[in-house]
Amino acid sequence: MNMLSTFVKPMHPEGRKFVAVFAAITLVLFLIWDVLGWVGVGLTIWCYYFFRDPERFAPARDGLVLSPADGIVSLIEPATPPAELGLPDAPLTRVSVFMSVFNCHVNRAPVPGRVTAIAYRPGKFFNASLDKASKDNERNSLVIRMDDGQDIAVVQIAGLVARRIVCFVKQGDHVQAGGRFGLIRFGSRLDVYLPDGVKPHVRVGQTMIAGETVIAELAKDDQA
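Rules behind the numbers
Residues numbered from 1 in each chain as written. Predicted model: local features only at pLDDT ≥ 70, side-chain atom pairs only at ≥ 80, totals over all residues. Heavy atoms only, no water. Core = buried A, V, L, I, M, F, W, Y, C linked by side-chain atoms within 4.5 Å. Buried < 20%, exposed > 50% of the residue type's maximum accessible area, 1.4 Å probe, protein only. Contact = heavy atoms within 4.5 Å. Salt bridge = Lys/Arg side-chain N within 4 Å of Asp/Glu carboxyl O. Helix = DSSP H or I, 4+ residues; strand = E, 2+ residues; numbered from the N terminus. Pairing = 2+ DSSP bridges. Axes fitted to C-alpha atoms, helices over the stretch in contact; angles between N-to-C directions.

1. Focus on the nonpolar core
Point 1. Counting 29 residues, the largest nonpolar core has Val 65, Val 154, Phe 181, Leu 190, Val 192, Leu 194 and Ile 215 as its most contacted members.
Point 2. If sequence neighbours within four positions are ignored, Leu 190 has contacts with Pro 68, Ala 69, Val 95, Ser 96, Val 97, Met 99, Asn 107, Val 154, Val 155, Gln 156, Phe 181 and Ile 184.
Point 3. Of all hydrophobic cores here, the second largest spans ten residues; its members include Ala 79, Ala 117, Val 155 and Tyr 193.

This is the structure we're talking about:
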């Protein structure tokens, strides 16, 4: 059972209709040519794998900022949060996590708190690993206000293949650190804007696990 659970993960409900479509196409491909059918089988398995939704266990310590996505840290730089969020027009440290089509795409809250703002903005579909994706691509932005009054901005950004951003929460909802708040289909990026003065504890190229990997530590940075 342990070996089975290593490879077989729960699938998010958002993926059921896509897997069903892939499976139906696969049946048709088998009628045309067995080789095409097996290609369809591979694509159906990939589709299931894309929408996998494994359990994650957030660190219990207070004051942590967790990665909102599986993937690779692609950028760490000062940047101004999206204007539509109504945050102060001042640069903050932005940590970008790029998700390939092979990463789990369920997004998780980096901190606990109340969602005080949500803003969707249509846009283009540049490769999400590029810096200009933060400015030009389709995006959905959230502000999470923690109990101490600090705000964390997190932005879902569509990528080259992605055409659909899904957000599970609404303004006024309370989220837990590591709790699911959204999903992006199919390949994308998440930006996290850290509070002023907070330094990231990750590097470009580092692998992230959503809801588990620590991006920054608020308490330690605040006391420094």
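Alright, that's what it looks like, and here's the rest.
2. What about the pattern of salt bridges?
Point 1. In the structure shown here, the tally under the stated rule is eleven salt bridges.
Point 2. With a shortest N-O distance of 3.1 Å, Arg 61 and Glu 217 are connected by a salt bridge. Taken together, the residues Arg 61 in the loop between helix H3 (34-50) and strand E1 (64-66) and Glu 217 in strand E13 (residues 214-217) connect sequence positions 156 residues apart.
Point 3. One salt-bridge network, in which partners are shared between bridges, spans Asp 53, Glu 55, Arg 108 and Arg 180.

3. Points about the sheet that holds strand E4 (residues 106-108)
Point 1. One open sheet accounts for three strands, arranged E4-E10-E8; its pairing is antiparallel. Looking at the sheet topology across the chains shown, the edges are occupied by E4 and strand E8 (164-167). Averaged over all pairs of adjacent strands, the angle between their axes in this sheet comes to 20°, without regard to strand direction.

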